[in-house]
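Each chain is listed here by its residues.
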Amino acid sequence: MECLSQASYLIGDETTGRAVVVDPRRDTAEYVKDANAASLTIELIIETHFHADFLSGHLELSAATGASIAYGEAATTEFPSRKLADGEHISLGEVELEVRATPGHTPESISIVVYEHAGDAIPYGVLTGDTMFIGDVGRPDLLASVGRTPEELAGQLHESLQTQLLTLPDATRVFPAHGAGSACGKQLSTETVSTIGEQRAVNYALAARSADEFVDLVTEGQSAAPAYFAHDAALNRKQHRLLDESRKPESLTLEQVLELQQRGAAVLDTRDAGDFASGHVAGSTHIGIDGRFAEWAGSLLDPERAIVLVSRPGTELEAKNRLGRIGFDRVLGALPDPERAFAANPEVVRRGSRLTARALDERMATGEVTLVDVRSPGESALGTIPGAAAIPLNQLEAALDQFDPRRPIVVFCASGYRSSTAASLLRAAGFADVSDLYGGYPGWSRDRTT
C-alpha cells in the first residue's frame, strides 16, 4: 500500500491449502483473489497490533472469508477475536507460525516467526509489525494520550527486541509492516526485506549500548504524529461499518457540490496540481491522488466531516477507497467531469497561481512577499530559501495568525505537491494573494547554480 507505506502478508501451506493474512488493508479483494489463485483458504487474520496509521481490514476480510481474527494477549476488542499467547504455535500443515509478544510500539504488539517446516533450525522469516523496521524501530510515543509514556514503552521495546527478535538466527528474514515514508518511524528504509543479522549490524537503534541509550535514541526527534492516528487506533478496536470497495461514489452535479459545501461538507480536489491551479471550486482543499493522498487527507481533514470529491474521471472509486483505508468514510459523492462543469460555470471557478523560480526571484526583489517552507524540519535544515518561515504542512493551519493577509504569500516544498495543498488551505482561510513554487525548493536551488 504505497500511499501509506504499509505492508501486509498472505502466508499459506501448499500441502494443505490453509492460509493466514497478517495486517490486511481495508480493501481486501486482492487477498481473496491471490488466495484463490493459489488454491488457498484464508482461515485466520492476524493483527500485529492496533494500527494507528490505517484502518485495518480484519472485519472486511473476516466477512468475506469467514476467517477468525486474532491479536496478542494484551489486546481487547469490541468484536469477537482470538487471543494469541506468547510462544504459541499455529500449524498450517508443513508451514508453522510462532507468536512472540513484542510490546513497546504498543502494549499488545506481537511478531510472527514463520517456519517453512516445523522444526527447522532457522526460520524462513519474521513478520515484525511495527516493532522492528528496516533501518529503524517502532516509535513508542503514540499512546501518551492514554497514559503510557514514551519512555515506558521504549523500555519495553528494548526488552522485546533484545529477548524476542535479536535472539533469532542472523539469517532470519525480516518483513516489517511499514517502509520509507511512513510516520511510524524516523529512518525507515526503502527496502522491503532484510535479515536479523543485517539489522543487527546497520540499524541505528540496535546499536545502543544500554537500555537508557536506546530509550534516548528512539524517543528523540520523532515528528508529530498525523492527526488521524488517534482516530484510527481507536476505530481499529471497534465494530464498525464495512467498506464496500466496489461501490463508486454517487455522481453529483456542480450545483449539488456547491450546496453540500454550503451545508458544511469539505470539497476535496484530488487532481494534479496543474489542473487544480487551472480551475477549482472556491474553498476546496487540494490533495493530489498521485502522492501520499490518504496520509495528507488524514492529517488535514476532520474524520467526522462529510467529503465531496472533485477527481480526474475514472479515479473517484480509488479516491474513495484510499480515504476508506484511514476510516474517512463520509464521502457523499463526486463531481465526475470537473473540467466540463467548470467550463460551463466559470463564475464559480477560482484559479491558483504557480510561480517559476525566476518569477519568485522577481517577487523577492520587491521585498513584498512572505515565503513559507512547508517541508519537514529535516528537509528544511538541509537548505531553504533565505527569509522563509519553516512551517511543516501539517502545522500550517495552526500558524495562520503569523501571516499578514495583506502581503503576498509564496509557499514551497520539494516538488510542488505539498505546496499546492498549502496554497489551497491558505486561500480557503481567506488569504487572497497566494502562490506556490513550481518545482519546489530543488528547482529554485538549481537555478542558483546554472
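Predicted model, so just to flag it, every value in this text is computed and none were measured.

Cut-off values and rules
Residues numbered from 1 in each chain as written. Predicted model: local features only at pLDDT ≥ 70, side-chain atom pairs only at ≥ 80, totals over all residues. Heavy atoms only, no water. Helix = DSSP H or I, 4+ residues; strand = E, 2+ residues; numbered from the N terminus. Rg over C-alpha atoms; globule rule 2.2 N^0.38 Å. Buried < 20%, exposed > 50% of the residue type's maximum accessible area, 1.4 Å probe, protein only. Areas by Shrake-Rupley, 256 points an atom, 1.4 Å probe, with all protein chains shown as cover. Lys, Arg positive; Asp, Glu negative; His and termini not counted. Charge placed at Lys NZ, Arg CZ, Asp CG, Glu CD. Pairing = 2+ DSSP bridges. Phe/Tyr/Trp six-rings, centres within 6.5 Å; stacked < 30°, edge-to-face > 60°. Lys NZ or Arg CZ within 6 Å of the ring centre and 35° of its normal. Contact = heavy atoms within 4.5 Å. Axes fitted to C-alpha atoms, helices over the stretch in contact; angles between N-to-C directions. Parallel < 35°, antiparallel > 145°, perpendicular 65-115°, else oblique. Left-handed = near helix turned anticlockwise from the far one by under 90°. Nonpolar A, V, L, I, M, F, W, Y, C, P; charged D, E, K, R; others polar. Core = buried A, V, L, I, M, F, W, Y, C linked by side-chain atoms within 4.5 Å. Polar contact = N/O pair within 3.5 Å; in protein donor to acceptor, adjacent residues only side chain to side chain.

Peer 1: How would you summarise the overall build of the protein chain if you had to cite specific residues and measurements?
Peer 2: A count of helices and strands for the protein chain gives 15 helices and 22 strands. For 450 residues, the compact-globule estimate of 2.2 N^0.38 gives 22 Å, and the protein chain sits close to it at 24 Å. Overall, the C-alpha framework of the protein chain stretches about 70 × 50 × 40 Å when taken along its three principal axes. Burial analysis of the protein chain (450 residues in total) assigns 54% to the buried set. Of the accessible surface of the protein chain, which amounts to about 19000 Å², a share of 49% is contributed by carbon and sulfur atoms. Put simply, the protein chain has 40 plus and 64 minus side-chain charges, and the middle of one group is 6 Å from the middle of the other.

Peer 1: Please set out the pairing of strand 1 (residues 9-12) residue by residue, giving values where relevant.
Peer 2: The alternating pattern of strand 1 places Tyr9 and Ile11 on a buried face and Leu10 and Gly12 on a face that is not buried. For strand 1 and strand 2 (residues 18-22), the ladder comprises four bridges, and the chain directions are antiparallel. Opposite Ile11, over in strand 2, you have Val20 as the bridge partner. Where strand 1 hands over to strand 2, the hairpin turn is made up of five residues, of which Gly17 adopts a positive phi near 80°.

Peer 1: Got a sec to walk through the sheet that holds strand 18 (residues 353-355)? Specific residues and values, please.
Peer 2: Within the open sheet, the five strands sit side by side as 18-22-21-19-20. Their pairing is parallel. Two strands close off the open sheet at either side, each with one partner strand: strand 18 and strand 20 (389-390). Across two bridges, the pairing between strand 19 (residues 370-373) and strand 20 is parallel. Bridge pairing in strand 20 places Asp373 opposite Ala390.

Peer 1: Outline the packing of aromatic side chains, supporting the account with residue identities and numerical values.
Peer 2: Applying the stated rule across the entire model yields eight aromatic pairs. In this structure an aromatic cluster arises from ring pairing among Tyr9, Tyr124 and Phe175. A cation over a ring is seen here: Arg173 above Tyr124, with NZ or CZ 4.2 Å from the ring centre.

Peer 1: So what about the pairing of strand 7 (residues 96-101)? Which residues, and what values?
Peer 2: The side chains of a regular strand alternate, residue by residue, between the two faces of the sheet. The element strand 7 is largely enclosed, with a buried count of five among its six residues. In terms of strand pairing, strand 6 (residues 89-91) meets strand 7 through three bridges, oriented antiparallel. Paired with Ile90 across the bridge in strand 7 is Leu97. Adjacent in sequence and paired antiparallel, strand 6 and strand 7 are bridged by four residues, among which Gly93 carries a positive phi angle near 135°. Note that strand 7 and strand 8 (residues 110-115) share six bridges and pair antiparallel. Counted as the bridge partner of Val99 is Ile112 from strand 8.

Peer 1: Let's hear about helix 3 (residues 150-165): which residues, and what values?
Peer 2: Given 3.6 residues to a turn, an α-helix orients residues that are three or four positions apart in the same direction. The set of residues buried in helix 3 consists of Pro150, Leu153, Ala154, Leu157, His158, Ser160, Leu161, Gln164 and Leu165. On its buried face, helix 3 is in contact with strand 7, strand 8, strand 9 (125-129), helix 4 (196-202) and helix 5 (211-219).

Peer 1: Any chance you could break down the packing of helix 9 (residues 293-300) against helix 14 (residues 417-428) for me, citing the residues and the numbers?
Peer 2: Helix packing geometry: the angle between the two helix axes and the distance between the axes. Here helix 9 crosses helix 14 at 30°, and the two axes come no closer than 12 Å. Considering the angle they form, helix 9 stands roughly parallel to helix 14. Helix 9 and helix 14 meet at a crossing whose hand is right-handed. Packed against helix 9, whose contacting residues are Phe293, Trp296 and Leu300, the element helix 14 presents Tyr417, Arg418, Thr421 and Leu425 at the interface. Residue composition of the contact of helix 9 with helix 14, grouped by class: five nonpolar, one polar and one charged.

Peer 1: Requested: an account of the nonpolar core, with residues and values cited.
Peer 2: Counting residues in hydrophobic clusters, the biggest one holds 42 residues, and the most contacted among them are Phe293, Leu323, Phe403 and Leu426. At the level of elements, helix 9, strand 15 (307-310), helix 10 (316-324), strand 16 (331-335), strand 21 (409-412) and helix 14 are the ones that each hand at least two residues to this core. Excluding residues that lie within four positions of it along the chain, Leu323 makes contacts with Leu268, Phe293, Ala297, Ile307, Leu309, Phe328 and Val331. Membership of the second largest hydrophobic core comes to 20 residues, among which are Leu161, Leu165, Ile196 and Val215.

Peer 1: Got a sec to walk through the packing of helix 12 (residues 357-366) against helix 15 (residues 440-448)? Specific residues and values, please.
Peer 2: Closest axis-to-axis distance for the helix 12/helix 15 pair is 9 Å, and the angle between their directions is 80°. Comparing the axis directions of helix 12 and helix 15 gives the class roughly perpendicular. Across the interface between the two elements, Ala357, Arg358, Leu360, Asp361 and Met364 from helix 12 touch Gly443, Trp444, Asp447 and Arg448 from helix 15. Residues that form the contact of helix 12 with helix 15 fall into these classes: four nonpolar, one polar and four charged.

Peer 1: Please provide a residue-by-residue account of the environment of Thr219, values included.
Peer 2: For Thr219, the location among the structural elements is in helix 5. Residue class for Thr219 comes out partly exposed when judged on its relative accessible area of 25%. Each C-alpha atom, one on Thr219 and one on Val434, is 37 Å from the other, the two residues being 215 residues apart in sequence. Those residues in contact with Thr219 that lie beyond four places of it in its chain are Pro140, Pro150, Glu151 and Ala154. In this structure the side chain of Thr219 is engaged in a polar contact, spanning 2.6 Å, whose partner is the backbone oxygen of Val215.

Peer 1: So what's going on with the side chain of Ser111? Residues and values would help.
Peer 2: Within the secondary structure, Ser111 sits in strand 8. A residue is classified by how much of its surface remains accessible, and Ser111, at 0% relative accessible area, is buried. Within the structure, the side chain of Ser111 is placed 3.2 Å from the side chain of Thr102, a separation counted as a polar contact. Beyond its immediate chain neighbours, meaning those up to four positions away, Ser111 contacts Glu98, Val99, Arg100, Thr102, Val126, Leu127, Thr128, Thr131 and Leu165.

Peer 1: Residues and numbers for the environment of Ala381, please.
Peer 2: Along the polypeptide, Ala381 turns up in helix 13 (residues 377-381). Relative accessible area serves as the criterion here: at 66%, Ala381 is assigned to the exposed category. Considering only alpha carbons, one finds Ala381 and Asp120, 261 residues apart in sequence, at a separation of 48 Å.

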